[in-house]
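Chain residues, written in single-letter form:
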Amino acid sequence: MRISHPKGPRARASVPVALVTAVVLAALAALPAPAAASFGFVAAWGSPGAGLGQFNNPAGIATDPDGNTYVADSTNQRVQVFDLCHRFSRALGSDDGQLNTPLGVAVNSLGNLYVSDGNANRVAVFDPNGQFLFAWGETGFGDGQFRFPTDIAIDAEDRVYVADRNNNRVQVFDETGAFLRKWGVAGSGNGQFNSPFGLTVAVDGRVYVADSFNHRIQVFDSEGTFLAKWGRFGTANGQFRSPRDVAVAPNGTVYVVDATNSRVQAFDQGGTFLSKWGSQGTEPGQFQFAVGIAADVAGNVFVSESYPNDRVQLFGEPAPTIEDVGDSVAALDLAKGTAGSLEAKLSGAQASLDRGQLKAAANKLAALIAELEALGDKKLEPADAAALIADAEAAGTALGCLDQ
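Here the structure is a predicted model, which means the values were calculated and not measured.

**Student:** Is there a simple way to explain the overall build of the protein in this structure?
**Tutor:** A tally of helices and strands in the protein yields five helices and 24 strands. Total accessible area computed for the protein in this model is approximately 16400 Å², and 50% of it derives from carbon and sulfur atoms.

Structure (structure tokens):
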């Protein structure tokens, strides 16, 4: 959340981008989609292998409000968790919670992790510390049975939606695994599926399904009533070749992993094409069989790539630097004393950063935030204060990721 201002010619101190804190995420969630000029590649992590932080055919991906990222590391038979700085945190899938080709991941309101365990034909559930809680499902065609469940999503009421791929349907459960309903049969008509690989639930309750071999997206209400569809086989804008997953940002932008076309496409909620990025390759922003996608509450987009890249890429808007915050302060018509006090704290933070004193720089940003929070409405407009605080929080988070 930045206050518009002209950019000067000054050189900037480089600060690596990190996910912002929950305060910043909440402030950004209501913003429109990022402009093409600022929304782009931010970071990548992972490499082929079985070590911590490495992947072997990563599949589904999810985030939580604290900035953690969960990746279904399918052939390594585990889920790996990374913190907001993209550092390895822990791995799940051993002991009673042993996994057999985990493909989809989702986090509920209690922080419990739900995993669609493909070759085990079940859903496994872990607590926020990674301890196995329970599982449900078996091989079959009946209610609560699965044939290769590939993805999982959770709505605002903690209902669990599972893409039951080889049964060509979606099944819905409560948080304990009790069956609620299902919809879909094999076919190409409205509400029918041909290998539904991925799905997500938007904040308004609509369910988006990547109907992979029908090369389209289908949209349903939470009861399974068909609402809309878009896409067909091809390489043009709005066309797909085996879309594998779908995510919806808080502002309603729908992102689709167009796997065989090696790209991500973005649409509005009605299916109107907005933008795309990606090509085949190994460089940042390129893909080799991207299979999973997630959008966090700030609208950042995470994409998992299977073999041979075996990595996660993050796309979004770069976090503001200390200088960005200073430019925003300078752009406001503030009283001399107020502006001077804020600028002094920012100058001190930048000087500390230039000396490599990251904790000192973060402390000065914290002092700036405290002063912004204390300013009355007559000295600073509430919207301007909120924007400055959001930028300062984000810059502080980036410094925290540097200080490791």
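**Student:** How should the sheet that holds strand β21 (residues 273-277) be read in this particular structure?
**Tutor:** Two orientations exist for strands paired in a sheet by backbone hydrogen bonds: parallel and antiparallel. An order of β18-β19-β20-β21 is seen for the four strands of this open sheet, with the pairing classed as antiparallel. The strands lining the two open edges of the sheet, one partner per strand, are β18 (243-248) and β21. Mean inter-strand twist for the sheet, computed between neighbouring axes without regard to direction, equals 20 degrees. Here five bridges tie β18 to strand β19 (residues 254-258), and the two strands are oriented antiparallel to one another. What sits directly across from Val-248, in β19, is Val-254.

**Student:** Looking at this model, I keep getting lost on the side chain of Ser-306. Mind explaining?
**Tutor:** On the secondary structure map, Ser-306 appears in the loop between β23 (301-305) and β24 (311-316). Taking the relative accessible area as the measure of exposure, Ser-306 reaches 10% and is therefore buried. Sequence-distant contacts of Ser-306, defined by excluding residues within four places in its chain, comprise Asn-57, Pro-58, Gln-288, Phe-289 and Val-291.

**Student:** Any chance you could explain the sheet that holds strand β6 (residues 102-107) here in plain terms?
**Tutor:** Across the sheet, which stays open at both edges, the four strands sit in the order β6-β7-β8-β9 with antiparallel pairing between neighbours. Every interior strand has two partners, whereas the edge strands, β6 and β9 (132-136), have only one. For this sheet the average axis-to-axis angle between neighbouring strands, irrespective of direction, equals 20 degrees. For strand β8 (residues 122-126) and β9, the ladder comprises four bridges, and the chain directions are antiparallel. Paired with Val-123 across the two strands is Trp-136, which belongs to β9.

**Student:** I would appreciate a short explanation of the environment of Gly-198 in the present structure.
**Tutor:** Considering the arrangement of structural elements, one finds Gly-198 in strand β14 (residues 196-201). When its relative accessible area of 0% is taken as the criterion, Gly-198 is described as buried. Sequence separation between Gly-198 and Val-209 is eleven residues; the distance between their C-alpha atoms is 5.9 Å.

**Student:** I would appreciate a short explanation of the pairing of strand β5 (residues 88-92) in the present structure.
**Tutor:** If a strand is regular, its side chains alternate between the two faces of the sheet. The pairing of strand β4 (residues 78-82) with β5 spans four bridges and is antiparallel. Bridge assignment links Gln-80 to a residue of β5, and that residue is Ala-91. Once β4 ends, the chain turns through five residues before running back antiparallel as β5, passing His-86 with a positive phi of about 70 degrees.

**Student:** Would you mind showing me how to read unusual backbone geometry here?
**Tutor:** In terms of backbone geometry, most residues other than glycine have negative phi values and most peptide bonds are trans. The residue after Tyr-307, namely Pro-308, is reached through a cis peptide bond having omega 10 degrees. By secondary structure assignment, the location of Pro-308 is in the loop between β23 and β24. Unusually for a residue other than glycine, Gln-77 sits at a positive phi of about 55 degrees. Among the structural elements, Gln-77 can be located in the loop between β3 (69-73) and β4.

**Student:** I tried to follow the state of the cysteines on my own but got confused; where do I start?
**Tutor:** Such a bond, covalent and formed between the sulfur atoms of two cysteines, is termed a disulfide. Evaluated as defined, the whole model comprises one disulfide. Paired through a disulfide, Cys-85 and Cys-401 show a sulfur-sulfur distance of 1.9 Å. Around the S-S axis, the bridge from Cys-85 to Cys-401 shows a dihedral of about -80 degrees and counts as left-handed. Here Cys-85, found in the loop between β4 and β5, pairs with Cys-401, found in helix α5 (residues 382-402); they are 316 residues apart in sequence, far enough to count as distant. Just as Cys-85 is buried, Cys-401 falls in that class too.

**Student:** Explain the environment of Leu-402 here, please?
**Tutor:** Position of Leu-402 relative to the elements: it lies in helix α5. With 317 residues separating them along the chain, Leu-402 and Cys-85 place their C-alpha atoms 8.7 Å apart.

**Student:** What is the right way to read the confidence of the model for the protein from this model?
**Tutor:** Predicted coordinates in areas of low pLDDT are best not read in detail. The predicted model of the protein has a mean per-residue pLDDT of 89, with 90% of residues at 70 or higher. Low pLDDT, under 50, characterises residues 1-37; the predicted model gives this stretch 83 contacts beyond four residues in sequence or across chains.

**Student:** Help me understand the nonpolar core in this model?
**Tutor:** What tends to happen in soluble globular proteins is that the nonpolar side chains get buried as a cluster. Core analysis: the largest hydrophobic core is formed by 24 residues, its most contacted members being Leu-365, Leu-368, Leu-372 and Leu-380. At the level of secondary structure, the elements contributing two or more residues to this core comprise α2 (322-331), α3 (336-354), α4 (358-374) and α5. If sequence neighbours within four positions are ignored, Leu-365 has contacts with Ile-322, Leu-346, Ala-349, Ala-392, Ala-395, Gly-396 and Leu-399. Core analysis: the next-biggest nonpolar cluster, separate from the first, contains 16 residues, Ala-249, Tyr-255, Val-264 and Ala-266 among them.

**Student:** Quick question: what am I supposed to make of the packing of α3 against α4 here?
**Tutor:** Think of two packed helices as two axes; the pair is described by the angle between the axes and how far apart they sit. Taken N-terminus to C-terminus, the directions of α3 and α4 make an angle of 165 degrees; their axes are 7 Å apart at the nearest point. By the angle class used here, α3 and α4 are roughly antiparallel. Where α3 crosses over α4, the two elements pack in a sense that is left-handed. Seen from α3, the contacting residues are Thr-338, Ser-341, Leu-342, Lys-345, Leu-346, Gly-348, Ala-349, Ser-352 and Leu-353; seen from α4, they are Leu-358, Ala-360, Ala-361, Lys-364, Leu-365, Ala-367, Leu-368, Glu-371 and Leu-372. Residue classes in the contact of α3 with α4 are distributed as eleven nonpolar, four polar and three charged.

**Student:** Teacher, can you tell me more about the packing of aromatic side chains here?
**Tutor:** Any aromatic ring pair is given by two values, namely how distant the centres are and how the planes are angled relative to each other. A full pass over the atoms with the stated rule returns 23 aromatic pairs. Centroid distance Phe-82 to Phe-88: 6.2 Å. Interplanar angle 80 degrees. Geometry classified as edge-to-face. On the basis of an interplanar angle of 55 degrees and a centroid distance of 5.8 Å, the ring pair of Phe-146 and Phe-173 is categorised as tilted. Here Phe-173 lies in strand β12 (residues 169-173) and Phe-146 lies in the loop between β9 and β10 (149-154), a separation of 27 residues in the sequence. You'll find Phe-146 and Phe-173 in the same group, each marked buried. Clustering of aromatic rings is evident, with ring pairs tying together Phe-39, Phe-41, Tyr-255, Trp-277, Phe-287 and Phe-315.

Basis of the calculations
- Residues numbered from 1 in each chain as written.
- Predicted model: local features only at pLDDT ≥ 70, side-chain atom pairs only at ≥ 80, totals over all residues.
- Heavy atoms only, no water.
- Helix = DSSP H or I, 4+ residues; strand = E, 2+ residues; numbered from the N terminus.
- Areas by Shrake-Rupley, 256 points an atom, 1.4 Å probe, with all protein chains shown as cover.
- Pairing = 2+ DSSP bridges.
- Axes fitted to C-alpha atoms, helices over the stretch in contact; angles between N-to-C directions.
- Buried < 20%, exposed > 50% of the residue type's maximum accessible area, 1.4 Å probe, protein only.
- Contact = heavy atoms within 4.5 Å.
- Disulfide = S-S within 2.5 Å.
- pLDDT = per-residue confidence, 0-100.
- Core = buried A, V, L, I, M, F, W, Y, C linked by side-chain atoms within 4.5 Å.
- Parallel < 35°, antiparallel > 145°, perpendicular 65-115°, else oblique.
- Left-handed = near helix turned anticlockwise from the far one by under 90°.
- Nonpolar A, V, L, I, M, F, W, Y, C, P; charged D, E, K, R; others polar.
- Phe/Tyr/Trp six-rings, centres within 6.5 Å; stacked < 30°, edge-to-face > 60°.

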